[in-house]
Every structure is written in C-alpha cells, then in structure tokens.
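So the chains spell out like this:
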Amino acid sequence: MPVKTSKAYLTVLGVPEKPQISGFSSPVMEGDLMQLTCKTSGSKPAADIRWFKNDKEIKDVKYLKEEDANRKTFTVSSTLDFRVDRSDDGVAVICRVDHESLNATPQVAMQVLEIHYTPSVKIIPSTPFPQEGQPLILTCESKGKPLPEPVLWTKDGGELPDPDRMVVSGRELNILFLNKTDNGTYRCEATNTIGQSSAEYVLIVHDVPNTLLPTTIIPSLTTATVTTSVAITTSPTTSATTSSVRDPNALAGQNGPDHALIGGIVAVVVFVTLCSIFLLGRYLARHKGTYLTNEAKGAEDAPDADTAIINAEGSQVNAEEKKEYFI
C-alpha cells in the first residue's frame, strides 16, 4: 500500500510570569517624582502591560520589549512616571499583564502609595454670630501625615490672656463666656515632621440685641367727645346727624349701641348742669352782697329797715343829700 503523510505546525505559547513592580519607596514626600517599573518575562508572543490608578487607566507610559536568551520568549517592561501629591496618599497603583495564554484572567501586581505632607489647618467656630455673655468653641481642624498633635493656640501673636476662662482641650479652644476684651485674631498652629501650617480667625463679639415688648395702642376718644358735645348744644338736628356716626373701632355689620357716644352725651349733660349751678350761685351771691351793703349804708341813722332801704336808695343818687318819702 502506498504511504501517505501529513504535516502540522505547532505553536507553543509562552505564559508570562507574574509581574513585579520596582522603583517604589515608602513613604514618599509630597511633590516628589515617582518612577515605577512593571516587568514580566517568558511570554510568547510578547505580553501587553497596562497601568491603573484606583481602577482608572493611565495611558502615558513607556513600553519596552526584549527577546530572551532562548530566542523563543520575550521580556516586557513598562515604566510609569508621575509627581505625587497628598491626594495620592492611600491610592492603589496596579500593573496588569494581558496575554492570550491566560484565558482572559490577567495577572496583576499592586502597590499602595504612602505620601507624607505638611498639615492643612482650618478653624471652625461653634456659632457664626458670637454674642457677649455666650460661650464659644473654636475647633482647629488639622490634616497631615504624620498627623499633627497637639496644636498651639495664640491670640494677637501672644499667649491666651485668660487661661481660667479660655480652656484648650485637644484641638478645641473653649471660651466660657464672651466679652468685648476677647476681640482679636486667634491663631491655630499645627506641626508635624514634614512642616508647619497655621490658620487665623478674627473674633468680633457682638452686643446682645434688645428685645422690645409689644405695645398696645389705645385709641383716644377725646376728640370725638368734644365734637359730639358741640353738636348737641347748638342744634338738635346736628345732634341727630352726629349720633348716626358709628364708632370706627366697631366691627363691620354690627348694629349694637354706641357706648362711646352715649358716654360723651352723659358727660356733656353733667358738665352743662354743673356750669349752670355754678353761674346761678355766683349771681345770687353777688346780688345778696349788694343788698346787705345798701341796707348797711341806710341803717346808720334809720329807725327801721324800711327807712334804711329808702335811705340806701337815696344815697346812691346823692350821698350827701337825704330825702324822705311818705307812702
């Protein structure tokens, strides 16, 4: 039988080794330039390397492919350069190797960054409108790595003036009760091994606002009473017209008696009666005084009252001439 043959070409995939990250130092100071290199070998064909920072891919990287000594596999490396800041503290940097031999399960290497930075300081008051006599707490919020502890409080460039009333507890400055002498600039200073930072707060103590009690205004009825009394005295018609005017304080649609108007009428009647009695009494008193005076003048040389009256009347005409009348 004739011999038949066939050929097959076999391609052996080189599985890349687990990647390694080099160039990392911990901790890193804020503002330093960091250079990380991820390398893997033994891949065939050459593997692909990608960088991620907190699951966000970084595109600006350098890629290098080298053939191994056996001339069958490759060593691949990638370099990442970036300048660190405080936002990179605690960030995970990931190097991922993709290759067709890995069955869609890439190999990864991860490095967590540790960044040291100077403190950042902020002062937070317990109330935005401090008033005299009230307490006040100033909180010095400081962030840094290493963490600054403790903080230093000063006022106007010097020490706190009243330690008994201004108590420092940790990062808090507690002023038990405020007065106008507390006005000034308060400074909080935080320091760690990297550096020093501070923040200032200008305190202005406000006066306590005066609370005014609500006042009730009672409308005066004096003008209305006087107007009504004049109308009643001069003309009955005017009085009837005036009496139809309603009290402005009365409710709309209410037809009850006008008590203010009635009171005014009674007051006018009493006033007119008292004036009449006073005038009549004054008139009678003056008339009686004149009679007694004339009688007294005629009684100087009269034997009886009738003669005294006659003499008194005659004396009004001519005091020196005396006359007799017989009736």
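Please read these numbers as outputs of a predicted model, since none were measured by experiment.

Draft legend 1. Quick peek at the overall build of the chain. Broken down by element type, the chain carries 4 helices and 16 strands. Looking at the chain as a whole, 27% of its 327 residues are labelled buried. A fraction of 60% describes how many contacts in the chain between residues 6 or more apart in sequence connect residues 24 or more apart. For the chain, the accessible area works out to roughly 22,900 Å², and carbon and sulfur atoms hold 57% of it.

Draft legend 2. Molecular detail of unusual backbone geometry. For the bond from Lys44 to Pro45, the omega torsion is -10°, close enough to zero to count as cis. With respect to the helices and strands, Pro45 occurs in the loop between β3 (33-43) and β4 (48-53). Geometrically, the link from Lys145 to Pro146 is a cis peptide bond, its omega value of 0° lying close to zero. Checked against the element boundaries, Pro146 lands in the loop between β11 (136-145) and β12 (152-155). The phi dihedral of Asn54 is positive, around 55°, even though this residue is not glycine. Among the structural elements, Asn54 can be located in the loop between β4 and β5 (56-58).

Draft legend 3. Inspection of the packing of aromatic side chains at higher detail. Taken as a whole, this structure holds 0 aromatic pairs when the rule is applied. Between Lys53 and the ring centre of Phe82, over which it is positioned, the NZ or CZ distance is 4.3 Å. When the ring centre of Phe74 is taken as origin, the NZ or CZ atom of Lys65, which lies over that ring, is 5.5 Å away.

Draft legend 4. Here's a closer look at a nonpolar patch on the surface. On the surface, a nonpolar cluster with roughly 360 Å² of combined accessible area is contributed by Ile262, Val266, Val270 and Leu274. Along the chain, Val266 falls in helix α3 (residues 259-298). Looking at Val266, the relative accessible area reads 48%, which means it is partly exposed.

Draft legend 5. Spatial organisation of the sheet that holds strand β1 (residues 20-22). Spatially, β1-β3-β7-β6 is the arrangement adopted by the 4 strands of the open sheet, whose pairing is antiparallel. Sheet topology places β1 and β6 (62-67) at the edges, where each strand pairs with a single neighbour. On average, each strand axis in the sheet is inclined to that of its neighbour by 20°, with strand direction left out of account. Looking at chain direction, β1 and β3 are connected through 3 bridges and run antiparallel. Note that in β3 the partner of Gln20 across the bridge is Lys39.

Draft legend 6. Representation of the state of the cysteines within the structure. Taken as a whole and assessed by the stated rule, the structure comprises 2 disulfides. One disulfide in the model links Cys38 with Cys95; its S-S distance is 1.7 Å. Its torsion about the S-S bond being -75°, the disulfide of Cys38 and Cys95 is classed as left-handed. Here the residue Cys38 occupies a position in strand β3, and Cys95 occupies one in strand β8 (residues 92-98), the gap between them amounting to 57 residues. Residue Cys38 is classed as buried on the basis of its relative accessible area of 0%.

Draft legend 7. Spatial organisation of the confidence of the model for the chain. Averaged over every residue, the pLDDT of the chain is 79; the share at 70 or more is 73%. When the criterion is pLDDT under 50, residues 315-320 qualifies, and its contacts beyond four places in sequence or with other chains add up to 1 contact.

Draft legend 8. Main features of the environment of Val112. Tracing the sequence through the fold places Val112 in strand β9 (residues 107-112). Each C-alpha atom of the pair Val112 and Lys53 lies 9.7 Å from the other, and the pair is 59 residues apart in sequence. The contact partners of Val112, leaving out residues within four places of it in the chain, are Phe24, Gly90, Val91 and Ala92.

Parameters and conventions
- Residues numbered from 1 in each chain as written.
- Predicted model: local features only at pLDDT ≥ 70, side-chain atom pairs only at ≥ 80, totals over all residues.
- Heavy atoms only, no water.
- Helix = DSSP H or I, 4+ residues; strand = E, 2+ residues; numbered from the N terminus.
- Buried < 20%, exposed > 50% of the residue type's maximum accessible area, 1.4 Å probe, protein only.
- Contact = heavy atoms within 4.5 Å.
- Areas by Shrake-Rupley, 256 points an atom, 1.4 Å probe, with all protein chains shown as cover.
- Phe/Tyr/Trp six-rings, centres within 6.5 Å; stacked < 30°, edge-to-face > 60°.
- Lys NZ or Arg CZ within 6 Å of the ring centre and 35° of its normal.
- Patch = residues over 30% accessible without salt bridge, like charges linked within 9 Å, V, L, I, M, F, W, Y side chains within 5 Å.
- Salt bridge = Lys/Arg side-chain N within 4 Å of Asp/Glu carboxyl O.
- Pairing = 2+ DSSP bridges.
- Axes fitted to C-alpha atoms, helices over the stretch in contact; angles between N-to-C directions.
- Disulfide = S-S within 2.5 Å.
- pLDDT = per-residue confidence, 0-100.

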